[in-house]
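Structural characterization, general
For reference, the chains in residue letters:
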Amino acid sequence: SHMKDILLSILCGLSTGILSAWGVGGGTLLLLCMTLFLGVEQREAQAINLLFFLPTAGVSLLFHRKNGYLDKATVKTAALPGVLAALAGALLALRLDAELLRIPFGIFLLYAGGSLLWQTWKEK
């Protein structure tokens, strides 16, 4: 049903937005929602996630600069290699079989979730 898909999409977007505002990785949550609940193929979900991340990162960078929180030397050193590595990784991922990406992605999600739980446990 089309209405159910729309409501589920809105619920996923709202919940990942709220959780990411609390410091939980919103991109990872968005990927999980799209692949597990909305039936989006992993590569497609990663592309959508990247499309949403890029403008958000740009706006965040501007606000950090405005508020004086930006380490300009680090940005100058890391920006170009980071962008090039991301492009190379994206091109490589497009050429690999999607099945080969599932296991490393699953391991990453387990590690990310475990790290969040460990950090939360240590803070208590």
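None of these values were measured; they are calculated from a predicted model. (Residues numbered from 1 in each chain as written. Predicted model: local features only at pLDDT ≥ 70, side-chain atom pairs only at ≥ 80, totals over all residues. Heavy atoms only, no water.)

Focus on the overall build of the protein chain
Per the secondary structure count, the protein chain includes five helices and zero strands. Secondary structure of the protein chain in N-to-C order comes out as α-α-α-α-α. Dimensions along the principal axes, computed over C-alpha positions, put the protein chain at roughly 50 × 40 × 30 Å. By residue count, 14% of the 124 residues in the protein chain fall in the buried class. Considering only intrachain contacts with a sequence separation of at least 6, the fraction spanning at least 24 residues in the protein chain is 49%. When the accessible area of the protein chain is evaluated, it comes to approximately 9800 Å², of which 72% is carbon and sulfur surface. (Helix = DSSP H or I, 4+ residues; strand = E, 2+ residues; numbered from the N terminus. Buried < 20%, exposed > 50% of the residue type's maximum accessible area, 1.4 Å probe, protein only. Contact = heavy atoms within 4.5 Å. Areas by Shrake-Rupley, 256 points an atom, 1.4 Å probe, with all protein chains shown as cover.)

Regarding the nonpolar core
Residues Leu30, Leu31, Met34, Val40, Ala45, Phe105 and Leu109 constitute the largest nonpolar core, which totals seven residues. Elements with a minimum of two residues in this core: helix 2 (26-37) and helix 5 (98-123). It is helix 2 that provides the largest number of residues to this core, a total of three residues. (Core = buried A, V, L, I, M, F, W, Y, C linked by side-chain atoms within 4.5 Å.)

What about helix 3 (residues 42-66)?
Look at helix 3: 36 Å from first C-alpha to last across 25 residues, which is about the 36 Å you get at 1.5 Å a residue. Of the residues flanking the end of helix 3, it is Gly68, one or two places downstream, whose phi is positive at about 80°. (Expected span 1.5 Å × (residues − 1).)

Overview of the packing of helix 3 against helix 5
Close contact between helix 3 and helix 5 brings their axes to 10 Å; oriented N to C, the two are set at 65°. Where helix 3 approaches helix 5, its residues Gln42, Arg43 and Gln46 are matched on the opposing element by Ala98, Leu101, Arg102 and Phe105. (Axes fitted to C-alpha atoms, helices over the stretch in contact; angles between N-to-C directions.)

Here's the deal with the confidence of the model for the protein chain
When pLDDT is averaged along the protein chain, the result is 78, and 91% of the positions lie at 70 or above. Within the protein chain, helix 4 (residues 72-95) carries the highest mean pLDDT (82), whereas helix 1 (residues 2-21) carries the lowest (75). (pLDDT = per-residue confidence, 0-100.)

Topic: helix 5
For helix 5, spanning 26 residues, the distance from its first C-alpha to its last is 37 Å, which sits close to the expected 38 Å at 1.5 Å a residue. Burial in helix 5 covers these residues: Ala98, Leu101, Phe105, Leu109 and Ala112.

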